[in-house]
Amino acid sequence: MSDVESFLDQRVIDLVNSYITSNANPETKVTHHLPPEKLRSKIDLTLPENGSSLDELYLTIEQYLNFSVRTGHRQFFNQLWSGFTLPGFLGEIIASLANTSMYTYEVAPVATLMEKELIKKLGSICGFKNPEGMFVTGGSNGNLQAMMIARNRALPFVKSHGYKDSPELMAFVSEEAHYSFEKSANILGLGSANLRKIKTDDRGRMIPEELAMAIEQSSQKGKAPFFVGATAGTTVKGAFDPLTEIASIARQHDLWFHVDGSLGGTVVLSARHRHLLRDLVKADSFIWNAHKLMGLPLICSILLIREKGHLLQTNSVTGTDYIFHDEAYGACDLGPMSLQCGRRVDALKLWLSWKYYGDLGYAERVDRFFELAAFAEDIVSRTPSLELMAPRSSVNVCFRYIPNTSEDIDKFNLDLREELARKGKALVNFARLGENVAIRLVIANHELAREDISRFFDYLIQTAESLDR
Ligand SMILES: Cc1ncc(COP(=O)(O)O)c(C=O)c1O
């Protein structure tokens, strides 16, 4: 038996099972919350000149798991994702086991067909008649590529000759849109000043009249509006921009209309809640993070384009014949349309999970997220010491604790969050809403039940009361 074979013994399977099982145990700490210097003293991070034994590695793996944040724990609410589905996890393992790259059909035949099938399925759910798409490295990358396609549409010569004497391009997103749009404006050479952030209403939705006004103003200043990015599920409030109105403004001004559904894309799977994305069919492009609400291990993001042809136009380059040379099946290669060369097989985990739950299973899961978020919102509304900081639109609940003894409510809430993490009870994030700190609870873990939400608020209130003396 080789070393590797003996390593993959029952110990590893037991370790994985026990890790997953203990995520469900409320007594398990979500995080050990150690400062870097303390953590460094707990694990030997040095890399030796001579190798180590598998037993030594095994010990380090145990330590790694022990001191890592348990993001699948039912008191982990810190990010817009948490935990994973079993078929998704299996897909991740099998993808690593087969270890291939998505560029050619020759080297990834099954994965290529699965990815194409998923693009067809996702495209048809969005109502796109002739869609194309690509699994990308995340929502940020999807936003970047959408903006890049839009730029090449507006200024086709840029791909080969750069900006030269072209007018300054102007892109529009809401003030609550993800920061990746600003990075995209930076990467694409637009300059962050040429990304206009449009005002939102009290729910965090872009105000269409403000968008129309901003487009007019920038045209008057000699700029060239080319892109509008709406958000379906904003990062902090979980708000959905009004796609119908934004689509119509985009069409009127001949702008590329992109929808960032990194968080809320999955909501289209629910008949009950898909009205939040009404008129998504009018989008030119759409990014969807299945690693958020679909419960897939990170990363699983799909960029969809309504009409075929843009991905190849934008990403094709010369000098690729050393890799794309399959006479027989080269037409199936996904590499020429991709910004990446080597690309992970992220399609497998989504395909397996979808096969297992089906459309209806996923629809139920989305509905349950909304019910649990409403349950959390209800606890906030019924608890006199808690205050809802923004109307709830989807799976994010933003609130704060109002202390009796402290004037500085922001500091109190930051301390409260820190104390919950220090005790390992729960990890939940915060954001500033205007001037105020709000705790942002996100319902994204497929294992969550009402009792987990109640337990979170019990911990929070007990901890707050102990600080509020
Ligand atoms: C609305 C929105 N867009 C984009 C992103 C970026 O996604 P990723 O982390 O996959 O790059 C996020 C991340 O949370 C997000 O909330």
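Peer 1: For this particular structure, what's the right way to read the overall build of the protein chain?
Peer 2: Tallying secondary structure elements over the protein chain gives 15 helices and twelve strands in all. Rg of the C-alpha trace for the protein chain: 24 Å, near the compact-globule value of 23 Å for 469 residues, within the 12% margin. Taking the principal axes of its C-alpha atoms as reference, the protein chain extends roughly 65 × 60 × 45 Å. Sorting the 469 residues of the protein chain into buried and exposed places 44% on the buried side. Taking all contacts inside the protein chain whose residues are at least 6 apart in sequence as the whole, residues at least 24 apart take part in 73%.

Peer 1: What's the story with the packing of helix α10 (residues 208-220) against helix α11 (residues 243-252) in this structure? I'm lost.
Peer 2: In a pair of packed helices, the angle between the axes and the distance between the axes together describe the arrangement. Contact geometry of α10 with α11 gives a least axis separation of 10 Å together with a crossing angle of 15°. Between α10 and α11, the interaxial angle falls into the category roughly parallel. Considering how the two elements wind past one another, α10 and α11 form a crossing that is right-handed. Residues Pro-208, Leu-211, Ala-212 and Ile-215 of α10 lie in contact with α11, whose contacting residues are Glu-245, Ile-246 and Ile-249.

Peer 1: When you look at the sheet that holds strand β3 (residues 169-174) in this model, what are you seeing that I'm missing?
Peer 2: Remark on secondary structure: sheet strands pair via backbone hydrogen bonds, oriented parallel or antiparallel. Strand order in the open sheet formed by seven strands is β2-β8-β7-β6-β5-β3-β4, and the pairing between neighbours is mixed. In this open sheet, the two strands that pair with only one neighbour each are β2 (132-136) and β4 (195-198). Taken over all neighbouring pairs, the strand axes of this sheet differ in orientation by 20° on average, direction set aside. Here helix α9 (residues 180-187) sits on the sheet and contacts β3, β4 and β5 (224-231); the angle it forms with β4, its principal contact strand, is near 160°.

Peer 1: What is the right way to look at the pairing of β3 in this model?
Peer 2: Two faces, one strand: in a regular strand the side chains alternate between the faces of the sheet. Within β3, six of the six residues are buried, which leaves it mostly tucked inside the rest of the structure. Burial of the side chains of β3 extends over both faces: Leu-169, Ala-171 and Val-173 are buried on one face and Met-170, Phe-172 and Ser-174 on the other. In this sheet, β5 lies alongside β3 in parallel orientation, the contact comprising five bridges. Bridge pairing links Leu-169 to Ala-224 in β5. As paired strands, β3 and β4 are joined by four bridges and run parallel to one another. Bridge assignment links Phe-172 to a residue of β4, and that residue is Arg-196.

About the cut-offs
- Residues numbered from 1 in each chain as written.
- Predicted model: local features only at pLDDT ≥ 70, side-chain atom pairs only at ≥ 80, totals over all residues.
- Helix = DSSP H or I, 4+ residues; strand = E, 2+ residues; numbered from the N terminus.
- Rg over C-alpha atoms; globule rule 2.2 N^0.38 Å.
- Buried ≥ 20, exposed ≤ 12 C-beta atoms within 10 Å, placed from the backbone.
- Contact = placed C-beta atoms within 7 Å.
- Axes fitted to C-alpha atoms, helices over the stretch in contact; angles between N-to-C directions.
- Parallel < 35°, antiparallel > 145°, perpendicular 65-115°, else oblique.
- Left-handed = near helix turned anticlockwise from the far one by under 90°.
- Pairing = 2+ DSSP bridges.

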